[in-house]
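Examination of the molecular architecture
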Amino acid sequence: MNKTALYSILSRYKYLITFIIGIFIVGFADSNSLYHRVLLQYEIQDLKSEIEQYTKIYEDDKSQLRDLERDPRNIERIARERYFMKTDDEDIFVLSTDPRSINDFPTNKSDESEH
């Protein structure tokens with residue numbers, strides 16, 4: 001293929017070539033490309049769901065703190081529910097399928113050695 005044939009093809013399809021290169025730059029190559037924008041939109045959605053999750057946790061903790069400030073007897077209730085604390089004269093049976101809650105259960109080795 002010689003220079004004149006290449007020049008002829010380029011001059012004939014110059015607008016199409018310019019259009020294709022422009023679409024490539026806008027769609028993929030630029031830092032503000034549509035592809036990059038879609039990826040950022042997915043990240044924004046993930047972060048919004050994470051914000052909702054942490055807001056719910058914050059509201060739950062805030063209500064528990066408010067309960068503790070109003071009635072100090074709630075400390076015992078929260079200690080029993082969340083940390084599986086018990087008095088000396090009772091046994092606790094944890095019924096859960098969540099492996100984290102079972103592994104977080106504090107074991108008292110002195111109680112095991114006495115039995």
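Fair warning: this is a prediction, and the values are worked out from it, not measured in the lab. (Residues numbered from 1 in each chain as written. Predicted model: local features only at pLDDT ≥ 70, side-chain atom pairs only at ≥ 80, totals over all residues. Heavy atoms only, no water.)

1. Notes on the overall build of the chain
On a plain count of helices and strands, the chain comes out with 6 helices and 0 strands. Starting at the N terminus and ending at the C terminus, the chain contains elements arranged as α-α-α-α-α-α. In the chain, buried positions account for 5% of the 115 residues. The contacts of the chain with a sequence gap of at least 6 include a subset with a gap of at least 24, amounting to 3%. (Helix = DSSP H or I, 4+ residues; strand = E, 2+ residues; numbered from the N terminus. Buried < 20%, exposed > 50% of the residue type's maximum accessible area, 1.4 Å probe, protein only. Contact = heavy atoms within 4.5 Å.)

2. With respect to the confidence of the model for the chain
Summing up the model confidence of the chain, the mean pLDDT is 79 and the portion of residues at 70 or higher is 82%. The lowest-confidence element of the chain is helix H6 (residues 109-114), averaging 48 in pLDDT; the highest-confidence one is helix H3 (residues 34-70), averaging 92. A low-confidence stretch, residues 110-115 (pLDDT under 50), is modelled with 2 contacts involving residues beyond four sequence positions or located in other chains. (pLDDT = per-residue confidence, 0-100.)

3. Section: the pattern of salt bridges
In total, this model carries 1 salt bridge according to the counting rule given. A salt bridge links Asp60 to Lys56; its shortest N-O distance comes to 3.3 Å. In this pair, Asp60 and Lys56 are both assigned in helix H3, 4 residues apart and thus about one turn of the helix distant. For Lys56, a relative accessible area of 54% corresponds to the exposed category. (Salt bridge = Lys/Arg side-chain N within 4 Å of Asp/Glu carboxyl O.)

4. Digging into the side chain of Ser33
The topology assignment puts Ser33 in the loop between helix H2 (14-29) and H3. Classification of Ser33 as buried rests on a relative accessible area of 1%. Beyond its immediate chain neighbours, meaning those up to four positions away, Ser33 contacts Ile25, Val26, Gly27 and Phe28.

5. With respect to the environment of Gly27
Take Gly27: it is sitting in helix H2. When near neighbours in sequence (up to four residues on either side) are disregarded, Gly27 contacts Ser33, Leu34 and Tyr35.

6. Considerations on the packing of H3 against helix H4 (residues 74-83)
Packing of H3 against H4 brings their axes to within 9 Å, and their N-to-C directions diverge by 140°. As far as their axial angle goes, H4 and H3 are oblique. Along the contact surface, H3 presents Asp61, Gln64, Asp67 and Leu68, while H4 presents Asn74, Ile75, Arg77, Ile78 and Arg82. A per-class count over the contact of H3 with H4 returns 3 nonpolar, 2 polar and 4 charged. (Axes fitted to C-alpha atoms, helices over the stretch in contact; angles between N-to-C directions. Parallel < 35°, antiparallel > 145°, perpendicular 65-115°, else oblique. Nonpolar A, V, L, I, M, F, W, Y, C, P; charged D, E, K, R; others polar.)

7. Comments concerning H4
Working note: α-helix, 3.6 residues per turn, so residues spaced by three or four point in the same direction. Within the sequence span of H4, burial applies to Asn74, Ile78 and Ala79. Axial view of H4: buried residues confined to an arc of 140°, hence all on one face. The first or second residue beyond H4 is Phe84, which carries a positive phi of 55°. (Arc of directions from axis to C-beta.)

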